[in-house]
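Close look at the chain arrangement
Below are the chains, spelled out letter by letter.
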Amino acid sequence: MRERFSMVVACDLNRGIGKNNSLPWRIPGDLKFFKDLTTKTDDPNLHNACIMGRKTWESIPEKHRPLADRYNIVLTRKAALDGPVPQGVFVFGSLDDALLKMSEGPIDQVFVIGGAEIYNQAIFHEKMGTLYLTEVRSQFDCDTFFPEYKEMFTLKSTSEIMVENGIEYVFKEYQPFIP
Ligand SMILES: NC(=O)c1ccc[n+]([C@@H]2O[C@H](COP(=O)([O-])OP(=O)(O)OC[C@H]3O[C@@H](n4cnc5c(N)ncnc54)[C@H](OP(=O)(O)O)[C@@H]3O)[C@@H](O)[C@H]2O)c1
């Protein structure tokens with residue numbers, strides 16, 4: 001497993017990320033980017049892992065979960081998830097427990113994939129690495145927000161502007177700012 005984990009998020013101009021435990025927008029190109037980024041490994045014998053909060057797990061439509069070809073790591077403070085835990089899904093009571101256990105497994109990269117509660121904790125973690133941020137260049141009605149991040153990171157790359165369903169978006173890659 002790599003030394004640092006990465007984080008993936010899509011947020012709007014107000015750092016909004018969700019509404020009613022769902023995504024506020026439909027951007028297939030961003031979903032494809034997320035799938036490709038989190039699935040691809042350098043070593044074909046390894047898989048990546050996606051760490052998410054219990055609410056984000058529940059927000060994934062049943063037909064799309066578990067996220068295919070990736071270990072799905074769900075964080076909850078409860079004793080267990082509601083309902084059966086499908087194959088390929090692992091439940092942990094803390095981010096550090098999850099990272100420790102994964103460091104023993106056949107895992108290449110670890111991605112923290114949300115939601116807000118998990119981002120808020122993981123972004124300050126000493127193992128926080130690359131931030132892959134899709135900037136959705138509109139303002140949506142949101143009830144869940146990504147934390148303030150710009151002062152903690154250095155922008156490394158920006159894609160060209162893409163447009164889908166009338167929504168402009170850009171893929172950005174940040175590295176933690178080291179003074
Ligand atoms: N735009 C994006 O890129 C993106 C990505 C992901 C999610 N989202 C959106 O974000 C929203 C969900 O975010 P959210 O903040 O409400 O929920 P969340 O972060 O997905 O999940 C919160 C839950 O995680 C568990 N948890 C939190 N901290 C923990 C810890 N330290 N140890 C163990 N368990 C912990 C708790 O589960 P228990 O209550 O079971 O204890 C808590 O209720 C949805 O609208 C979703 O669509 C957007």
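Residues numbered from 1 in each chain as written. Predicted model: local features only at pLDDT ≥ 70, side-chain atom pairs only at ≥ 80, totals over all residues. Heavy atoms only, no water.

What follows deals with unusual backbone geometry. Omega for the peptide link from Arg 65 to Pro 66 comes to 0°, which places this bond in the cis form. Residue Gly 115 is bonded to the preceding Gly 114 through a cis peptide linkage, with omega at 0°. Within the secondary structure, Gly 115 is located in the loop between strand 6 (107-112) and helix 4 (116-122). Located in the positive-phi region is Asn 21, a residue other than glycine, with phi close to 50°. Among the secondary structure elements, Asn 21 is positioned in the loop between strand 2 (16-18) and helix 1 (28-39). (Helix = DSSP H or I, 4+ residues; strand = E, 2+ residues; numbered from the N terminus.)

Time to look at the site of the ligand. Around the ligand there are 28 residues in total, and Ala 10, Arg 54, Thr 56, Thr 76 and Gln 121 lie nearest to it. In the model, a nitrogen atom of the ligand is placed 2.9 Å from a nitrogen or oxygen of the Gly 93 main chain. Protein contacts shield 90% of the accessible area of the ligand, which totals 930 Å² for the unbound molecule. In this structure, the ligand is accommodated by the largest pocket. Breaking the shell around the ligand down by element, the ones donating at least two residues are strand 1 (5-11), strand 2, helix 2 (54-59) and helix 4. (Near = heavy atom within 4 Å. Polar contact = N/O pair within 3.5 Å; in protein donor to acceptor, adjacent residues only side chain to side chain. Areas by Shrake-Rupley, 256 points an atom, 1.4 Å probe, with all protein chains shown as cover. 1 Å grid on protein atoms, 1.4 Å probe; cavity = no way out; pocket = protein on both sides within 12 Å on 5 of 7 lines; lining within 4 Å. Sits in = over half its atoms within 2 Å of the grid points.)

What follows deals with the layout of surface pockets. A water-sized probe rolled over the atoms picks out the places where empty space is left. Of the pockets and cavities examined, the largest pocket occupies roughly 1500 Å³. Considering the residues around the largest pocket, the lining is formed by 49 residues, among which Leu 23, Thr 56, Ser 59, Ile 60 and Ile 113 are closest to the centre. Those elements giving two or more residues to the lining of the largest pocket turn out to be strand 1, strand 2, helix 1, helix 2, strand 4 (70-75) and helix 4. Taken together, Met 1, Arg 2, Glu 3, Arg 4, Phe 5, Asp 96, Leu 99, Leu 100, Ser 103, His 125, Glu 126 and Lys 127 make up the full set of residues lining the second largest pocket. (Points joined across faces, edges and corners; volume = space filled by probe spheres on them.)

Counting residues in hydrophobic clusters, the biggest one holds 29 residues, and the most contacted among them are Met 7, Ile 51, Met 102, Leu 131 and Phe 146. By size, the runner-up hydrophobic cluster in this structure holds 14 residues, among which are Phe 34, Met 52, Leu 67 and Leu 81. (Core = buried A, V, L, I, M, F, W, Y, C linked by side-chain atoms within 4.5 Å. Buried < 20%, exposed > 50% of the residue type's maximum accessible area, 1.4 Å probe, protein only.)

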